Structures are given as structure tokens and as C-alpha cells.
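# Working through the structure, step by step
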Amino acid sequence: MEMPLLPDDVLLVVDVQRDFLPGGALAVPDGDAVVAPINRLGLLFGHVLLTQDWHPAEHVSFAANHIDRAPFEQVELPYGQQMLWPTHCVQGSDGAGFAPGLDLPRAELVIRKGFRRVVDSYSAFTEADRRTPTGLAGYLRERGLRRLFLVGLATDFCVAWSALDAAASGFEAHVVEDACRAIDTQGSLDRAWRAMGEAGVGRIDSHALHGWA
Ligand code: VGL
Ligand code: ZN
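Below you will find a few notes about this structure. (Residues numbered from 1 in each chain as written. Chains lettered and ligands numbered in written order. Predicted model: local features only at pLDDT ≥ 70, side-chain atom pairs only at ≥ 80, totals over all residues. Heavy atoms only, no water.)

### Regarding the overall build of the chain
- Looking only at helices and strands, the chain features four helices and ten strands.
- Going from the N terminus to the C terminus, the chain shows its helices and strands as β-β-α-β-β-β-β-α-β-α-β-α-β-β.
- In summary, the chain has a C-alpha radius of gyration of 16 Å against a globular reference of 17 Å for 213 residues, a match within 12%.
- Projected onto its principal axes, the C-alpha coordinates of the chain cover approximately 55 × 35 × 30 Å.
- For the chain, with 213 residues in total, the buried portion stands at 54%.
- Within the chain, contacts between residues at least 6 apart in sequence are counted, and of these 76% link residues at least 24 apart.
- Working note: accessible area of the chain is about 9400 Å², and carbon and sulfur atoms make up 52% of it.
- Charge separation in the chain, taken as the distance between the mean sites of 18 positive and 28 negative side-chain charges, equals 4 Å. (Helix = DSSP H or I, 4+ residues; strand = E, 2+ residues; numbered from the N terminus. Rg over C-alpha atoms; globule rule 2.2 N^0.38 Å. Buried < 20%, exposed > 50% of the residue type's maximum accessible area, 1.4 Å probe, protein only. Contact = heavy atoms within 4.5 Å. Areas by Shrake-Rupley, 256 points an atom, 1.4 Å probe, with all protein chains shown as cover. Lys, Arg positive; Asp, Glu negative; His and termini not counted. Charge placed at Lys NZ, Arg CZ, Asp CG, Glu CD.)

And the structure:
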């Protein structure tokens, strides 16, 4: 299905950072494959926004900061279940930097997230306490932007949570599947697609998108 873009459509580029690429601290299989399609899409959109996972070294989501815990185990925190991760995207580290080759000259905003020690944030909109907004919804509303196309890493965590929150906040959200890659642990990818389908999040291929001009 072809989908013509409009000048106010937003490309939301989620966490395309070194630590999520092959060889990185929390490598997403084939994660570097998203860079080329995202660069191409970046030239079709009038608005390009990025998120950047940005944790303090003491962050609660790191297995290394818990006694006797390993990455990919769950712990109970005051806000609910939290999966533990390898230490990744530490503020100011090379691994937290954007992927080499990512080239988005129109990027107008970077939303950093997960920077509070005791709360994670997969979502670009709301932290894992499900209370604290990142400011992204306010930015979009103030500028009158209401249709989002999400790309990046990882499909089943930060992309999915961002798409679900976008839909819940009244935005139209579409995930561009071939410009995303997944971690896929413990059935997470199937669950993410099911939840996004139920929430009315669109699922499309980058080749279906073409510019308005
Ligand atoms: C992510 C796990 C931990 C992501 C970030 O970008 O999907 N996943 N932090
Ligand atoms: Zn993280």
C-alpha cells in the first residue's frame, strides 16, 4: 500500500546508537542495517526527531548495579517489573553516540531518555514510572505535528513502547518495519507486534513511503 507523505509528517528515529549495533554493549542483531534506510527516509520528511538512550553509570536498569543479577533477568521495582540489561548508553560514552554513518541533516530535536537513575524509559513519551513525561508530546502538539513514522532500535522495546504511547496520546503512529531491528528475547517481538496491532499502530514498509513534493 503506497502512502504519500505530508509536510507535517514526523520521522522519529529511536536509539540508533553504537551500543545497539553489532559489537556494542547491547547489540541488536543486524542493527546496523537500519542506518541506510533511515538516511534515505530522512530526506523524505519535513520533520526529523531523534531519541537517545542516555543512562547514568549507576542506572537501575543495569544488571551490574544489582547483587547476583544477570542481564535479561527481571526485577521488581517500585514502578513494576524491570528487565535488567548489560551496561549500555552511559552518558557521554562512545557507546551512547549515534551510529557511525547516520546522516540526518534535517534533525531538529534530540530527546534524551533514561537519565534518571531510578527509572528506565523505553518510551520516547513517558518514563517507565508511567507518570513522567519526556516533553515530546508537548513539542509535537505545540508545533501541530500529529502523524509519526517510527524507525530504529529496538522494534520490541523502545520503538514499540514509543509507538504505543504515541497512539495513547492521540497521535497517529506507523512503524516502518524494514527500518527497525529487534532484540527478540522471551517472545518480546511477537508480543510487541500484537500490542501495536491492537492499539491501531500502522505497520508499513519504507518503500511504500514517498515524498509530497
Ligand atoms: C532499549 C533496552 C534498554 C532500546 C534501550 O532502545 O530498545 N532497549 N534500553
Ligand atoms: Zn537503555
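Having put the structure on the table, let's press on.
### Quick word on the site of ligand 1
- The environment of ligand 1 is made up of Asp15, Phe20, Leu26, Asp53, Trp85, His88, Tyr122, Leu153, Ala154, Phe157 and Cys158.
- Here a nitrogen atom of ligand 1 and a side-chain polar atom of His88 are 3.1 Å apart.
- Here an oxygen atom of ligand 1 and a backbone polar atom of Cys158 are 3.1 Å apart.
- Across the complex, the protein chains shield 100% of the 260 Å² of accessible surface that ligand 1 would expose by itself. (Near = heavy atom within 4 Å. Polar contact = N/O pair within 3.5 Å; in protein donor to acceptor, adjacent residues only side chain to side chain.)

### Regarding the pattern of salt bridges
- If you walk through the whole model with that rule in mind, you get ten salt bridges.
- Salt-bridge contacts for Glu73 lead to Arg69; the nearest nitrogen and oxygen are separated by 3.4 Å.
- Taking the relative accessible area as the measure of exposure, Glu73 reaches 30% and is therefore partly exposed.
- Looking at Arg69, the relative accessible area reads 39%, which means it is partly exposed.
- What you see here is one network of salt bridges that share partners, running through Asp9, Arg147 and Glu172. (Salt bridge = Lys/Arg side-chain N within 4 Å of Asp/Glu carboxyl O.)

### Structural notes on the coordination of the zinc ion (ligand 2)
- On the protein side, the zinc ion (ligand 2) has Asp53 (OD), His55 (NE2) and His88 (NE2) as donor atoms, found 2.0 to 2.2 Å from it.
- Given four donor atoms and angles of 87 to 170 degrees at the metal, the environment of the zinc ion (ligand 2) is assigned as irregular.
- Counting along the primary sequence, the residues that act as donors to the zinc ion (ligand 2) give the motif D-x1-H-x32-H.
- Using a relative accessible area of 3% as the deciding quantity, one classes Asp53 as buried. (Donors = N, O, S within 2.8 Å, 3.2 Å for Na, K, Ca; no water. Tetrahedral: all angles 85-135°; square planar, octahedral: opposite > 155°, others 65-115°.)

### Examining the pairing of strand β4 (residues 74-77)
- Residue alternation in β4 divides its side chains into a buried set, Val75 and Leu77, and an unburied set, Gln74 and Glu76.
- Looking at chain direction, β4 and strand β5 (residues 80-83) are connected through four bridges and run antiparallel. Directly across from Val75, in β5, lies its bridge partner Gln82. (Pairing = 2+ DSSP bridges.)

### Remarks on helix α1 (residues 35-42)
- Most of α1 sits inside the fold, with six of its eight residues counted as buried.
- Three or more residues of α1 are buried, namely Val35, Pro37, Ile38, Asn39, Leu41 and Gly42.
- On its buried face, α1 is in contact with β2 (10-14), β3 (47-53), β7 (147-153), β8 (172-181) and β10 (209-210).

### Brief notes about the sheet that holds strand β6 (residues 107-113)
- Taken together, six strands build an open sheet; the order of strands is β6-β3-β2-β7-β8-β9 and the sheet is parallel. Either end of the sheet is taken by a strand with one partner, and the two such strands are β6 and β9 (202-204). Averaged over all pairs of adjacent strands, the angle between their axes in this sheet comes to 25 degrees, without regard to strand direction.
- In this structure, β2 lies alongside β7, joined through five bridges in parallel fashion. Along β7, the bridge assignment pairs Val13 with Val151.
- Contacting β2, β3, β7 and β8, α1 crosses the sheet at an angle of about 140 degrees to β8. (Axes fitted to C-alpha atoms, helices over the stretch in contact; angles between N-to-C directions.)

### Quick look at the packing of helix α3 (residues 155-168) against helix α4 (residues 188-198)
- The contact between α3 and α4 brings their axes to 10 Å, and the two run at 15 degrees. Here α4 runs roughly parallel to α3, going by the angle between their axes. Between α3 and α4 lies a crossing whose hand is left-handed. Contacts between α3 and α4 pair Thr155, Asp156, Phe157, Ala160, Ala163 and Leu164 from the former with Ser188, Leu189, Ala192, Trp193, Ala195 and Met196 from the latter. (Parallel < 35°, antiparallel > 145°, perpendicular 65-115°, else oblique. Left-handed = near helix turned anticlockwise from the far one by under 90°.)

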